[in-house]
Structures are given as C-alpha cells and as structure tokens.
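# Notes for the structure review
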Amino acid sequence: MTLSFWEPFRDFDRFDRVVNDLFGQEASARAVADRARRPAADLAADKDGYIFRFDVPGVPKDAIEISVENDILTISGERNTPFVADEGRSVYRRETPCGKFERSFRLPNDADAERVSASYADGVLEVRVPRALQVQPRRIPISAS
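The structure reproduced in this document is the subject of the present report. (Residues numbered from 1 in each chain as written. Predicted model: local features only at pLDDT ≥ 70, side-chain atom pairs only at ≥ 80, totals over all residues. Heavy atoms only, no water.)

## Describing the packing of aromatic side chains
The line we're drawing: When two rings of Phe, Tyr or Trp (its six-membered ring) have centres within 6.5 Å they constitute a pair, described as stacked for plane angles under 30 degrees, edge-to-face for angles over 60, and tilted for the intermediate range. Helix and strand assignments come from DSSP, with helices taken as H or I runs of at least 4 residues and strands as E runs of at least 2, each series counted from the N terminus. Buried, partly exposed and exposed residues are distinguished by accessible area as a fraction of the type maximum, computed with a 1.4 Å probe on protein chains only: under 20%, between the cut-offs, and over 50%, respectively.
Under the definition given, this model contains 2 aromatic pairs. Taking 5.7 Å as the distance between ring centres and 50° as the angle between the ring planes, the aromatic pair formed by Phe-52 and Phe-105 counts as tilted. On the criterion of sequence distance, the pair formed by Phe-52 in strand β2 (residues 49-55) and Phe-105 in strand β5 (residues 99-106) is long-range, its members being 53 residues apart. Using a relative accessible area of 15% as the deciding quantity, one classes Phe-105 as buried. Aromatic pair Phe-54 and Phe-105: ring centres 6.1 Å apart, planes at 50°, arrangement tilted.

Okay, structure coming up:
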C-alpha cells in the first residue's frame, strides 16, 4: 500500500487550466510559482505617512533588501528551502515557496522617500514612508515707499 495525499481541489485546477487555455490567458507554472513566492503585502495610510507590511516568515533580515528609486519602493530577497532531500530525509510535500522574490510599489506624490524606515519582527517586515513636510504659505507684507 502506498501513501498518497488527497487533493480535493485538483479537479478545479484542471478546469481552471482548461478555461484559461480556452480564453487565451497564460497561466504558466512559472508565473504561478512567481506569484506564490512573492510575500503578501498589506498597505495602510495615516496622517503621518504610509505603512507597508510584508509577510516574510523564515527569511532572515540580512536576506532582505529595501530600495527607493524614482518613487518606486522595492522589497527583494531570497527565501531558502527548509528541507533538502539529500540530508538523509525524504521530502514528501513542499508547500513553502522558496527562491528569490521582489515586490514594487509606486509611492504617492506626497511621500518623503528620503526618510523611509523599516523594522522586522516575527516574520513581518514593516516599512514606513512618512509624508513630505508641507511648506505652509506665508503672507508677504508690501512696504510703502
């Protein structure tokens, strides 16, 4: 008797591929894998600025890079595979996405890209982008001559 995993949605996956092929949508295995590898992102804004949160469990902070160029915030890094078959173990199933990842977001016009800060705790990367300081209009007095 062999051990096999029951996948109740396997038939839905087949149906999805047939529909995508019928309507000309490309859903290559590579594109699906790339989407699965990208960390989930939550975005919020408050009066002080913008908050980006990324789920990157198992990724050390040294393996994550944050950059801002031309008002584009980019988070990139690499998640290594937790199990390797050649270490004396048999891997039966691997659902954790591994490999390089990258997410990019265009910053709003009022974001201050020079004052971006980031923190990392419990597998969640939080990037804060403050709003640019607004120059208040001032009244110019006219002198009489």
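## Section: unusual backbone geometry
Positioned with a positive phi, Asp-71 is a non-glycine residue whose angle comes to about 60°. With respect to the secondary-structure elements, Asp-71 resides in the loop between β3 (64-69) and β4 (72-79). Relative accessible area serves as the criterion here: at 43%, Asp-71 is assigned to the partly exposed category.

## Topic: the sheet that holds β2
What counts, and what does not: One requirement defines pairing of two strands: DSSP has to find at least two bridges between them. Fitted lines through C-alpha atoms serve as axes, helices being fitted only where they are in contact, and the angles separating the N-to-C directions of these axes extend from 0 to 180 degrees.
Taken in spatial order, the 4 strands line up as β1-β2-β7-β6 in an open sheet, and their pairing is antiparallel. Where the open sheet ends on each side, the last strands, each with one partner, are β1 (41-45) and β6 (117-121). Here the average twist between neighbouring strands, direction ignored, is 15°. Across 7 bridges, β2 lies against strand β7 (residues 124-130) in antiparallel orientation. Paired with Gly-49 across the strands is Pro-130, a residue of β7.

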